[in-house]
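# A structural walkthrough
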Amino acid sequence: PVHTAEHVASCFFWLGLPFADIPPAQLFPSPQAAENITARLLSMGLKQGEEYAVIHPTASYASKQWKASGFAEEGEFLERERGLRAVYIGGGEESGMLGRVETYARGPLLRAQGWSMRDLVALIAHARAFVGNDSGPAHLAAAGGIPVLVIFGSAHAAVWRPWKAVGSVVVQNYFDCNPCPGDRCYVYDDPRCILSVTTEQVKVCLESL
């Protein structure tokens, strides 16, 4: 398997770019966005300078979306064991999944939902850690240089994991049918690949980060 970063870079090498190691992605949040998210986090109840973790529980396909109860439990674990406030992110149209996570939580979620891309970049880059599904925000977190834990289901982790992240852990249980297109489960009634991941697996990996 070839990582997507290597696959894409090979096109440039064949076009004449000198062969070299492919560097990690880098993210540079704007100072204005950093000020914006500081104010927004204060309004959400975080204290000045309080550390937080970003949790991204949504994904484009069900085969890439871990269970809502698991994300609620991991958020509470981070707060209880590491003193990190859990800030949940999602697009403006993804309130359904955030609502399901909240039904398993002990209280209302801290939601950064529907934020602009600039503010989302700043939020992730200033977080202490990231926990989420195999989706775009995980790559933003890796480019921001923070520890990243990504839960994989249908996709091939060796191809799609965050590229050269400073600290990253992939949690995935392999099935004979993995990888697959992911738009639906082609073997079972539900996507067992990602739903088989346990909260204990994720906690152990979080500890290693």
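Up top is the structure these notes are about.
Being a predicted model, the structure only gives us computed values, none of them experimental. Sequence positions are assigned chain by chain, starting from 1 and proceeding in written order. Residue-level local features of this predicted model are given only where pLDDT is at least 70; pairs of side-chain atoms are given and counted only at 80 or more, and the full residue set underlies all totals for whole chains, interfaces and linings. Excluded from the side-chain calculation are hydrogens and water; included are all heavy atoms of the structure.

## Section: the sheet that holds strand β1 (residues 52–56)
Note on sheets: strands pair through backbone hydrogen bonds, and any given pair is parallel or antiparallel. Keep this limit in mind: At least two bridges found by DSSP between two strands is the condition for calling them paired. Strands are runs of DSSP state E lasting at least two residues, helices are runs of H or I lasting at least four, and both sets are numbered from the N terminus onward. As a rule, the C-alpha atoms of each element are fitted with a line to give its axis, helices using only the stretch in contact, and angles between N-to-C directions run from 0 to 180 degrees.
If you trace the six strands from one edge of the open sheet to the other, you get β3-β2-β1-β4-β5-β6, paired in parallel fashion. Each edge of the open sheet is held by one strand with a lone partner, namely β3 (110–113) and β6 (168–171). Pairwise comparison of adjacent strand axes, ignoring direction, gives a mean angle of 20 degrees for this sheet. Pairing between β1 and strand β2 (residues 85–90): four bridges, direction parallel. Looking at β2, one finds that Ala53 is bridged to Ala86.

## Let's talk about helix α3 (residues 68–82)
As a reminder, the rule being used: In this scheme, a helix's expected span is set at 1.5 Å multiplied by one less than its residue total. Burial here depends on accessible area, computed with a 1.4 Å probe over protein chains only, as a share of the maximum for the residue type. Under 20% is buried, over 50% is exposed, and the range in between is partly exposed. Residue contacts are defined here by distance: any two heavy atoms, one from each residue, within 4.5 Å place the two residues in contact.
Between its terminal C-alpha atoms α3 stretches 21 Å, which fits the 21 Å expected from 15 residues at 1.5 Å a residue. By the burial criterion, the buried members of α3 are Ala68, Gly70, Phe71, Ala72, Glu74, Gly75, Glu76, Phe77 and Leu78. The secondary structure elements touched by the buried residues of α3 are β1, β2, α4 (95–104), β4 (129–133), β5 (148–151) and α9 (199–208).

## A short note on the pairing of β5
Rules: By convention, orient the strands away from the viewer: a clockwise path from the first strand over the helix to the second makes the crossover right-handed.
A two-sided burial pattern is seen for β5, the buried positions comprising Val148 and Val150 on one face and Leu149 and Ile151 on the other. Bridge analysis of β4 against β5 gives four bridges, and the strand direction is parallel. The partner of Val131 across the bridge, within β5, is Leu149. Since β4 and β5 lie parallel, the crossover through helix α6 (residues 136–143) that links them has a hand, and here it is right-handed.

## Some words on the nonpolar core
The criterion, for reference: In plain words, nonpolar cores are sets of buried Ala, Val, Leu, Ile, Met, Phe, Trp, Tyr and Cys residues tied together by side-chain atoms within 4.5 Å.
Leu41, Tyr52, Val54, Ile89, Leu123, Ile124 and Phe130 are the most contacted members of the largest nonpolar core, which totals 33 residues. Mapped by element, the contributors of at least two residues to this core are α2 (31–44), β1, β2, β3, α5 (117–125), α6 and β5. Discounting residues that sit within four places of it in the chain, Tyr52 has contacts with Ile37, Leu41, Leu46, Leu84, Arg85, Val87, Ala122, Leu123, His126, Ala127, Arg128 and Ala129. Core analysis: the second largest hydrophobic core is formed by 26 residues, Ala68, Ala86, Met97 and Val101 among them.

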